[in-house]
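Examining the three-dimensional arrangement
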Amino acid sequence: MDRFARLVAGALDVPAAVVALSCRDQQFLPGIVGLGESSSSVRQKDLAGSPCAYVAARGESLVVGDARTDARVRDFAPAAWFGAVACAAVPLTDDAGTLLGALCALDFVPRSWSERDREVLEDLARACSTQLRLQALARQAQQDRMQAATMLGNSRLLLRAAETMARTSGLEQVRRQVSDLVSGDLRPGYVGLVLRQEGVLRRVPDRMASYVSLEEHFPVYDPHEQWPSAQAARENRIVLIPDRQTLVDRYHPDTVVEFDAMDLRSAVCVPLPGTYGRTLGTLILAWHVPRTIDISERAVLTVLARYTADAVERALFLDGRIDVARQLQRAMLTDLPSVQGLDLAALYRTAADQDMVGGDWYDAYQLNSSRTDGTARLALTVGDITGHNMQAATLMGQARSMLRQASHDHSHSGPAAAVDALYAAVTDLGMSISGTLVHAHLVPTGDGAWDFIWTNAGHPPPLLNRPGHPVRPLHEHDLLLYPGLPVHRTQHRVRLHPGATLLLYTDGLVEEPGTPIDQRIDQVSLLLAENSGTPVAGLLEQVAERIAGPAHHDDIALLAVRIGTAQGWAEPSSGAGL
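Residues numbered from 1 in each chain as written. Predicted model: local features only at pLDDT ≥ 70, side-chain atom pairs only at ≥ 80, totals over all residues. Heavy atoms only, no water.

**Here we look at the confidence of the model for the protein**
Our working rule: The quantity known as pLDDT measures the predictor's confidence residue by residue, on a range of 0 to 100. Elements are defined by DSSP. Helices are runs of H or I of four residues or more, strands are runs of E of two residues or more, and each kind is numbered from the N terminus.
Averaged over the protein, the pLDDT score is 84; the fraction of residues at 70 or greater is 86%. Averaged over each element, pLDDT in the protein is lowest for helix H2 (residues 36–40) (57) and highest for strand E21 (residues 501–505) (97).

Printed below as a string of structure tokens:
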């Protein structure tokens, strides 16, 4: 536009020229020449009294040789004319003929404008109008491209949401996936998930994320409190927090404290619509910068909240089923008996992935409790029924009960007979039970030692730690339990002297992708050797923490037995014992 002003000044031989665009009571000067540095730096002025105002009001050209004597502009303010007294101004229009402003030639002395001056100025005005139209079209095209890119990005976001949220299961995973989804497009500084449960609003934490003061200080709160997230859930509508002052004016003071502590500047709370019309909770997005949510983003957030709500309902349903299965599984775990001369401990840990419920179990119970000679015979089992679901947990309960019965019926025949009886019953009843186990009897010998008699159906080997000896894996085993697989069970015996520790475990402890199972068993053996004096309960905690860790992907059942030290008993020589 400065170029057009220079063309006017050169073609009409005037000292100054401007391209002026009118908007309400203001004029904008995108093109200026000859008005000095101070005028060129000010591109916006009042429209009143200017040549552009005259053209805008009448829609026609203005040609003035001396404004001081021309009745049409006699009362003009010299400042509005930039100090000029002679002016020729021609309208600038768009494609529809709407007036945009004026192209003005200015002189600071009276001047007589020729017909040629007017024709040249009109030609230049038509060219300038065309350039303005092209610029408007270019701006519109750029806006259209940006809008199309935004719509494409929103469509991709919602497509990813539909695909990703359909694969979620637990609530924490839902929260994490929502955070991942919006991090690239909307780029919030915080994403929160709040659910209505048992009459309160409860935040769903992401235990893998960094510390969040809001979730730490207010994990649970009343849905009727003056929190934006509570209002969104209560009124089932989007609640916008464009700035901090909105919180100060409308909400609980604690919201301002937490807003400041997290260095947030704006937020939006979107209700999660339930299937049956009841709001499930609120999705919260907050930013570290002021942000306004336009109508397209509101639409995206509404659809995203719908996907999130579907995933939440599915997660709640699955969590409920899994919780029932876990309660059933825990109910079937044994309270360990108290047996003189033995120190028993057990540990059961569910998988880190909340989806997994399986058939792992441990068991310990006395046999022949009606004996009058005071001899306490003990049955021990650690097993793993195939599967990681509620059916596996149910089958485990049936196998556990059947093995208990068989063990009592065949207590004098040994553990192999009990497992044979279990297998025969499972086969006759047509039950699809498969898996591995170690079933054993502990029998006192009368001198402070105990005989460990066991049969192994394809299970990881028990580990025996004797003071002064290397840890010994009891590798002797038969095939696993599997329908239609004929196996004659064998049993084996080893004597456990006072101070000996025996560890039975399921494969969740020693199976890790990419690591040989024998290497993991060696790690457990080393840990047993290093902790010979640790009480068995603490020993199991160490084994679970250091070997499996907090992120293990399978359930773990551990059972440990330590033979108490008999008074007056001495460690046998290297030629005695096992």
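This is not the end of the story, as more comes after the structure.
**Notes on the packing of helix H13 (residues 517–530) against helix H14 (residues 536–548)**
Worth spelling out the cut-off: The convention used is that axes are lines fitted to C-alpha atoms, helices contributing only their stretch in contact, and that angles between N-to-C directions extend from 0 to 180 degrees. Helix crossings fall into two classes, left-handed where the near helix is turned counterclockwise from the far one by less than a right angle and right-handed where it is turned clockwise. The contact criterion used throughout is that any non-hydrogen atoms of two residues lie within 4.5 Å. When residues are sorted by character, Ala, Val, Leu, Ile, Met, Phe, Trp, Tyr, Cys and Pro go into the nonpolar class, Asp, Glu, Lys and Arg into the charged class, and all the rest, Gly among them, into the polar class.
Their axes nearest at 10 Å, the elements H13 and H14 cross at an angle of 145 degrees. Crossing hand, H13 versus H14: right-handed. Contacts between H13 and H14 involve Arg520, Gln523, Val524, Leu527, Leu528 and Glu530 from the first element and Leu539, Gln542, Val543, Arg546, Ile547 and Ala548 from the second. Grouping the amino acids of the contact of H13 with H14 by side-chain chemistry returns 7 nonpolar, 2 polar and 3 charged.

**Notes on the sheet that holds strand E17 (residues 450–457)**
For clarity, the threshold we go by: Note on pairing: two strands pair once DSSP finds at least 2 bridges between them.
With antiparallel pairing, the 5 strands of this open sheet are ordered in space as E14-E15-E16-E17-E20. At either end of the open sheet lies a strand with only one pairing partner, and these are strand E14 (359–367) and strand E20 (492–496). Within this sheet the neighbouring strands show an average axis-to-axis angle of 15 degrees, counted without direction. In terms of strand pairing, E17 meets E20 through 5 bridges, oriented antiparallel. Bridge pairing in E20 places tryptophan 454 opposite histidine 492.

**A closer look at the sheet that holds strand E8 (residues 200–203)**
One open sheet holds the 6 strands; their spatial order is E9-E8-E7-E12-E11-E10, and the pairing between them is antiparallel. A single partner strand is all that each edge strand has here, and the edge strands are strand E9 (220–221) and strand E10 (239–241). Packed on one face of the sheet, helix H7 (residues 228–235) meets strand E7 (190–197), E8, E9, E10, strand E11 (266–273) and strand E12 (279–287) and runs near 145 degrees to E12.

**Looking at the pairing of E8**
This is how it is decided: Burial classification: accessible surface area is computed with a 1.4 Å probe over protein chains only, and a residue below 20% of its type maximum counts as buried, one above 50% as exposed, and the rest as partly exposed.
Alternating residues of E8 divide into Leu201 and Arg203, all buried, and Val200 and Arg202, none buried. Sheet topology note: the E7/E8 ladder contains 4 bridges and is antiparallel. If you follow arginine 196 over to E8, its bridge partner there is leucine 201. Here E7 hands over to E8 after 2 residues, with glutamate 198 in that stretch at a positive phi of 55 degrees.

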